[in-house]
Amino acid sequence: MLEIEIDGKKLTVNQGSTVMDAAHAAGTYIPHFCYHKKLSIAANCRMCLVEVEKAPKPLPACATPVTDGMKVHTASPLAKKAQAGVMEFLLINHPLDCPICDQGGECQLQDLAVGYGNSASRYQEEKRVVVGKDMGPLVSAEEMSRCIHCTRCVRFTEEIGGFQEIGMANRSEFSEIMPFLGKTVDSEISGNVIDLCPVGALTSKPFRYSTRAWELSRRKSVSPHDGLGANLIVQVKHNEVMRVLPLENEAINECWLSDRDRFSYEGLNSTERLQKPMIKFDGKWHETDWQTALEYVVKGLNGVSADHGKDAIGFLLSPHSTTEELYLAQKLARAFGVNNVDAALRRSDARVAKQQQGALWLGSSIVELAASKSILVVGSTQRSEQPLLAARLRQAVKKGSQLNVIHVADDELFSSLNAKLIVAPQQLVNGLAQVLKAVVAAKGGETAIDLAAANVSAEAQAIADSLCAAESAAVLLGNVAQNHPAFSELLALAQEIARLTGARFGIAAAAANTVGADVVGANPSRGAFGQSVTAGLTAAEMLAAPRKAYVLLNNEVEADSYNGQQAVAAMKQAATVIALTAYKGAGLLDYADVLLPIAPFSETAGSFINMEGTLQSFNGVVRPLGDTRPAWKVLRVLGNMLNLNGFEQNSCEEVRAELLALGELSAQLDNGQSLLAANVAAGNGELVRVGDVPLYHADPICRRADSLQQTAAAAVPQLQLHPADAERLGLQDGQPVVVAQGAAEVSLTLRADKALAQGAARVAAAHPATLSLGGLFEPIQIKRG
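What counts and what doesn't
- Residues numbered from 1 in each chain as written.
- Predicted model: local features only at pLDDT ≥ 70, side-chain atom pairs only at ≥ 80, totals over all residues.
- Heavy atoms only, no water.
- Salt bridge = Lys/Arg side-chain N within 4 Å of Asp/Glu carboxyl O.
- Helix = DSSP H or I, 4+ residues; strand = E, 2+ residues; numbered from the N terminus.
- UniProt positions renumbered as here; feature names shortened; annotations may be inferred.
- Pairing = 2+ DSSP bridges.
- Contact = heavy atoms within 4.5 Å.
- Axes fitted to C-alpha atoms, helices over the stretch in contact; angles between N-to-C directions.
- Parallel < 35°, antiparallel > 145°, perpendicular 65-115°, else oblique.
- Left-handed = near helix turned anticlockwise from the far one by under 90°.
- Core = buried A, V, L, I, M, F, W, Y, C linked by side-chain atoms within 4.5 Å.
- Buried < 20%, exposed > 50% of the residue type's maximum accessible area, 1.4 Å probe, protein only.
- Phe/Tyr/Trp six-rings, centres within 6.5 Å; stacked < 30°, edge-to-face > 60°.
- Lys NZ or Arg CZ within 6 Å of the ring centre and 35° of its normal.

**Some details on the pattern of salt bridges**
Then step 1. Within the structure shown, the criterion is met by 35 salt bridges.
Then step 2. Between E143 and R208 there is a salt bridge, with its nearest N and O atoms 3.3 Å apart. Note that E143 is positioned in the loop between β7 (139–141) and α4 (152–159) and R208 in the loop between β10 (203–204) and β11 (217–222), a separation of 65 residues in sequence.
Then step 3. A salt bridge links E658 to K331, with the nearest nitrogen and oxygen atoms 2.5 Å apart. Residue E658 is located in helix α23 (residues 652–660), and its partner K331 is located in helix α8 (residues 323–336); the two are separated by 327 residues in the primary sequence.
Then step 4. A single salt-bridge network, built from bridges that share partners, covers E272, R346, E556, D560, R703 and R704.

In structure tokens:
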């Protein structure tokens, strides 16, 4: 520890700390532009100059290491003169157009110019003009004359994003910040450069010129998208969400947001929002009132129950729904006598629900995962599934962790890898079994799983060596693994690897409330908090053997199911389909019989349980649109109209209290499964689809965010094949092809991609161009277009 005195305050700091670090610890503010606690030190703005006793000139606080006994003055005449001089230089070329600048009112340069600059500039020369740049549909760089060259954006894209998409060209007064020639900024976390920019050079293109910062009210919320549960500040004007910013939470999202979390608010104001209950009769949709619509629902459920029995009804719930909504939905179903309740629509392996011993979760906190010395990620398109978790793992590797990957494609992670094993979907189980076999040999242990068919490759051996040698290790299963038909085998193998190596193993939750769904009983084999229930059918089983009635909560089954083709067919043959939804999408209008308008996360109170098992509650930030009602209220009223007991709650908080009174949340988190068996033989050589979900098609809100849909990540999918597979089929890169599954055919463009495993045909799911296709990991046929 070193002693330092700042403006007369004495304190001790760790060796290696900078004067800026010490100032923060002392609660002393030093003006700065280029410094940011999460980025490397550039020391190029010089705004943080301070006086250090015995130093011949002012020193930059961000780049000056603390020495024992150092005395610093941040507001002495010398320091003030230096700061005012720097501010004068920064404003030489900066246009003084604050009244029309989109950053006006929340501009760091504006604030510091008033606090630390002079009242007038001595420079009378003409200011330079910098031509605006095109950085894509999310980040506006049209006013680059305002840039002060702090390089925060450059350092962010390289250090946090992992790939330098923005650079600084030229020198001196001719310096310019720009994307690479002919390129746009396509990172999944690119929007953070907007927050980092201390001036009005980089701004939000969707928000640009829509309102002023001081006209917005700020409200806290939680992201409804991936399982990380990023904390949000939602900014509202005239009962409309205008902008979303990060709320710093070091344990979860640090100070960052993914673009999906930041820009998806546009979907909340979509023209497809359902504002009144609607009923279909005579083949046409008619708006109606709530009483009529709910009576129609009750009549439909009672009718199917009387004619076909309770087992003919299925409840398909969305893991993007709140904990309270999922709890009441499963409670309603089971009180009515229906056991077919599931929220895992994209999961094809029905065995998992029957074998799991608790709610599947991350297996550790997010911070603990990132601190692991060896991490194995299985079946995950990391940057699409969990953008901020991928960024955190990238930082972990920089600090010495070893990242290992078993996947169906060698996706660019912008991170150094210790070892990777790229296999076709039908060989994913065999690939993980190879690692287990190597671990068993290294540890001299035993396993109940027959590993005779697994031949250990050099890559698998390297992964096993990494896990065995690390003092702390983790095995993580991603969305591809969770949707895989052999998810049960992958879970069993991961469980054994973790047992033998002492590693944690967990699931990277696909949706905001995937863990919550398991905890509250939105599962065919588990009741709320693990209560014993009569087992029902999984979502995959309900759609493979169609029911006579379906209740959908927040779902669009054509996009949110493992097999969209099968799901739509099941809906169309049903006697009644009841949809509680915020949107009147084309699919729902085609197969549903009644639409009940429910509030999205921004218009209702509730909570999500994120992948690490943390329950985070939030309140609505705007009033419900039109006749929209919170889903928990709709479910409570339906329970009363169906004459069921236990539906007297008057608030969301009462629902949550009832749920949490059932037990301890942490006691429900358990990735173990009762049956340890796995068929580890390598699959055959037929082409199998890899149907991963694109970054901006993960849920109904994202799919309606216009700016996100203009990005490269939301473009029409291509058929990706390994060049050897393309050559074997007589196909060439760039030619049109027809892809077929079941009765559906879609026309796509072929892209030969060496990163893909042989035997894999990558065709994205949940996109309008591919909705009619079948299972996400099923055989697929390809022919010339």
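That was the structure; now back to the text.
**Some thoughts on the UniProt feature "domain: 4Fe-4S Mo/W bis-MGD-type" (unreviewed entry) in the protein**
Then step 1. When the UniProt feature table is mapped to this numbering, "domain: 4Fe-4S Mo/W bis-MGD-type" (unreviewed entry) covers residues 216–272.
Then step 2. Counted over residues 216–272, helix gives 9% and strand 35%. Its end C-alpha atoms are 25 Å apart.

**Overview of the sheet that holds strand β16 (residues 313–317)**
Then step 1. On the basis of which strands lie adjacent, the open sheet formed by seven strands has the order β15-β14-β25-β24-β23-β16-β17 and mixed pairing. The outermost strands of the open sheet, each flanked by one partner alone, are β15 (284–287) and β17 (341–342).
Then step 2. Contacting β14 (278–281), β16, β23 (549–553), β24 (576–581) and β25 (594–597), helix α7 (residues 290–308) crosses the sheet at an angle of about 130° to β25.
Then step 3. Of the strands in this sheet, β16, β17 and β23 touch α8, which is tilted by about 175° from β16.

**Notes on the UniProt feature "domain: 4Fe-4S His(Cys)3-ligated-type" (unreviewed entry) in the protein**
Then step 1. Cross-referencing UniProt, the feature "domain: 4Fe-4S His(Cys)3-ligated-type" (unreviewed entry) maps to residues 78–117 in the present numbering.
Then step 2. Helix makes up 55% of residues 78–117 and strand makes up 0%, while its end C-alpha atoms are separated by 14 Å.

**Some words on the packing of helix α2 (residues 77–90) against helix α3 (residues 108–116)**
Then step 1. Viewed as axis vectors pointing N to C, α2 and α3 meet at an angle of 135°, and their least axial separation amounts to 10 Å. Viewed along their axes, α2 and α3 adopt a mutual orientation that is oblique. Every pair of crossing elements has a handedness; the one defined by α2 and α3 is left-handed. For the pair formed by α2 and α3, the contact residues are Q83, A84 and M87 on the first element and L109, L112, A113 and Y116 on the second.

**Let's talk about the nonpolar core**
Then step 1. By size, the foremost hydrophobic cluster in this structure holds 141 residues, and its most contacted members are F33, L202, F315, L317, L580 and L596.
Then step 2. In this structure, L580 is in contact with V551, L552, L553, N554, L596, I598, V634 and L635, ignoring residues within four places of it in sequence.
Then step 3. If you look at the next biggest cluster of nonpolar residues, it comprises 45 residues, including V435, A438, V475 and L491.

**Considerations on the packing of aromatic side chains**
Then step 1. A complete count under the given rule lists four aromatic pairs for this structure.
Then step 2. Note on F89 and Y123: the rings are 6.5 Å apart at their centroids and 50° apart in plane angle, and the pair reads as tilted. Note that F89 is positioned in helix α2 and Y123 in the loop between α3 and β6 (133–134), a separation of 34 residues in sequence.
Then step 3. Classification of Y123 by relative accessible area gives partly exposed; the value is 35%.
Then step 4. The ring of F647 carries K331 above its face, with NZ or CZ at 5.3 Å from the centroid.

**A short note on the sheet that holds strand β28 (residues 688–690)**
Then step 1. One open sheet accounts for six strands, arranged β28-β32-β29-β31-β30-β33; its pairing is mixed. Both edges of this open sheet fall to β28 and β33 (781–784), since each of them pairs with a single strand only. Within this sheet the neighbouring strands show an average axis-to-axis angle of 40°, counted without direction.
Then step 2. Bridging between strand β30 (residues 736–741) and β33 involves four bridges; their strand directions are antiparallel. Across the sheet, V738 pairs through a bridge with K783, a residue of β33.

**Details of the pairing of strand β21 (residues 473–477)**
Then step 1. Most of β21 is tucked away: five of the five residues are buried.
Then step 2. Side chains A473, V475 and L477 project from β21 onto one buried face, and the interleaved A474 and L476 project onto a second face that is buried too.
Then step 3. Summarising the sheet, strand β18 (residues 374–378) and β21 pair through five bridges and their orientation is parallel. Residue pairing for β21: V377 is matched across the bridge by L476.
Then step 4. Pairing geometry for β21 and strand β22 (residues 504–507), over four bridges, is parallel. Bridge assignment links A474 to a residue of β22, and that residue is R504.

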